[in-house]
Amino acid sequence: NENPRFLHYFVCNRAAKVERLKLESRDLEKFQKDLVDSITAEGAALHQRSAELEERLRALFARIVREQSTEARQNLLAEFPFLNASLQFERDLLQNIRSSIALVEQGLGRLQDAKRFLPSAQGLNDQTAHDMAAEAYHLIRRGFSSFP
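All figures in this text were calculated on a predicted structure; none of them were measured in a lab. (Residues numbered from 1 in each chain as written. Predicted model: local features only at pLDDT ≥ 70, side-chain atom pairs only at ≥ 80, totals over all residues. Heavy atoms only, no water.)

Draft legend 1. Structural context of the overall build of the protein. Scanning the protein for helices and strands turns up three helices and zero strands. Secondary structure elements of the protein occur, N-terminal to C-terminal, as α-α-α. Residues classed as buried in the protein amount to 0% of the 148 residues present. Accessible surface for the protein amounts to roughly 14000 Å². Of this, 62% is attributable to carbon and sulfur atoms. (Helix = DSSP H or I, 4+ residues; strand = E, 2+ residues; numbered from the N terminus. Buried < 20%, exposed > 50% of the residue type's maximum accessible area, 1.4 Å probe, protein only. Areas by Shrake-Rupley, 256 points an atom, 1.4 Å probe, with all protein chains shown as cover.)

Okay, structure coming up:
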């Protein structure tokens, strides 16, 4: 080792080292607290400044809108009730179209059902006609057989 006295002092003088580290720790804690306080204060000031600038911006915007009353803006404001009524009319029309589409789809579904049942209905109709013809035939034969 090149410097044995330093090593001896460093290793053996523990009490002084502990005191020195405690002081450094207190200094660091104080520095940290001061830094946090400073950041908090600056953050609050920045937040306040931001709110002030936002309010100023809103006031400026409102002033510009108030003072810039152009003919185009006046025309748009005059057309607003008409445009609003037109928009409502178009919404109602769209709703009516949707209702009509739903009714057409319902009608197509019922038409498909009718097409599906048509062959069986025709079969029943044909069977009934055949049964009636057979019954009429039997009635006629019985009627003729009862004659002398």
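Next comes the rest of the description.
Draft legend 2. View of the pattern of salt bridges. Tallied over the entire structure, the rule returns three salt bridges. Two residues, Lys30 and Asp34, come together in a salt bridge whose shortest N-O distance is 3.2 Å. Highlighted residues: Lys30 and Asp34, both in helix α2 (residues 14–67), separated by four residues, approximately one helical turn. Since its relative accessible area comes to 53%, Lys30 is described here as exposed. (Salt bridge = Lys/Arg side-chain N within 4 Å of Asp/Glu carboxyl O.)

Draft legend 3. The arrangement of the packing of aromatic side chains in detail. Evaluated as defined, the whole model comprises zero aromatic pairs. Lying over the aromatic face of Phe117, Arg116 brings its terminal NZ or CZ to 5.7 Å of the ring centre. (Phe/Tyr/Trp six-rings, centres within 6.5 Å; stacked < 30°, edge-to-face > 60°. Lys NZ or Arg CZ within 6 Å of the ring centre and 35° of its normal.)

Draft legend 4. A look at a nonpolar patch on the surface. A contiguous nonpolar surface patch, about 390 Å² in accessible area, is contributed by Phe89, Leu93, Ile97 and Ile101. Looking at the secondary structure, you find Phe89 in helix α3 (residues 71–145). (Patch = residues over 30% accessible without salt bridge, like charges linked within 9 Å, V, L, I, M, F, W, Y side chains within 5 Å.)

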